[in-house]
Amino acid sequence: MGFCINCGNQHQDGVRFCRFCGTAQPSEQLLARLRSEAEQIRLLVMQMQQQQANAQNDAYARLEAMRLQAEAAARAKNQQNQTFRPPGW
Ligand SMILES: [Zn+2]
């Protein structure tokens, strides 16, 4: 079963013209091509969304790495201060 692209009435698959309004219907080949194109677009959109999510995760990971680095640097500096504390303190 298909639906007329013009009037929306239901008609048998494979008919070339709507029996209600007479509008020429897309062939099965065209429909199949459109379906596969729609599927490709859907996959592309999913890919883009995935890439976006990955980029966001990367940014978070970089920020976290910078934070850990800063913490480590602060700890090292603290230790240095303790190590090189002038005698008599
Ligand atoms: Zn029609």
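Residues numbered from 1 in each chain as written. Predicted model: local features only at pLDDT ≥ 70, side-chain atom pairs only at ≥ 80, totals over all residues.

(A) Quick look at the overall build of the chain. Helix and strand content of the chain: one helix and two strands. Sequence-ordered secondary structure for the chain, helices as α and strands as β, is β-β-α. A globule of 89 residues ought to have a C-alpha radius of gyration of about 12 Å, yet the chain, at 33 Å, is considerably larger. Oriented by its inertia axes, the alpha-carbon framework of the chain measures out at about 105 × 20 × 15 Å. (Helix = DSSP H or I, 4+ residues; strand = E, 2+ residues; numbered from the N terminus. Rg over C-alpha atoms; globule rule 2.2 N^0.38 Å.)

(B) Looking closely at the environment of F20. Mapped onto the secondary structure, F20 falls in the loop between β2 (10-11) and α1 (28-83). With 58 residues separating them in the primary sequence, F20 and N78 have C-alpha atoms 85 Å apart. Excluding residues that lie within four positions of it along the chain, F20 makes contacts with C4, C7 and N9. (Contact = placed C-beta atoms within 7 Å.)

(C) Main features of the confidence of the model for the chain. On average, residues of the chain score 90 in pLDDT, and 96% of them are at 70 or above. Averaged pLDDT values for the elements of the chain fall to 88 in strand β1 (residues 2-3) and rise to 93 in α1. (pLDDT = per-residue confidence, 0-100.)

(D) View of α1. An ideal rise of 1.5 Å per residue puts 82 Å on 56 residues; α1 measures up with 81 Å between its terminal C-alpha atoms. Counting buried positions over the 56 residues of α1 gives zero, only a small fraction of the element. (Expected span 1.5 Å × (residues − 1). Buried ≥ 20, exposed ≤ 12 C-beta atoms within 10 Å, placed from the backbone.)

(E) The environment of Q47, seen in detail. Within the fold, Q47 resides in helix α1. By C-beta crowding, Q47 is classed as exposed, having 10 other C-beta atoms within 10 Å. With 45 residues separating them in the primary sequence, Q47 and G2 have C-alpha atoms 31 Å apart.

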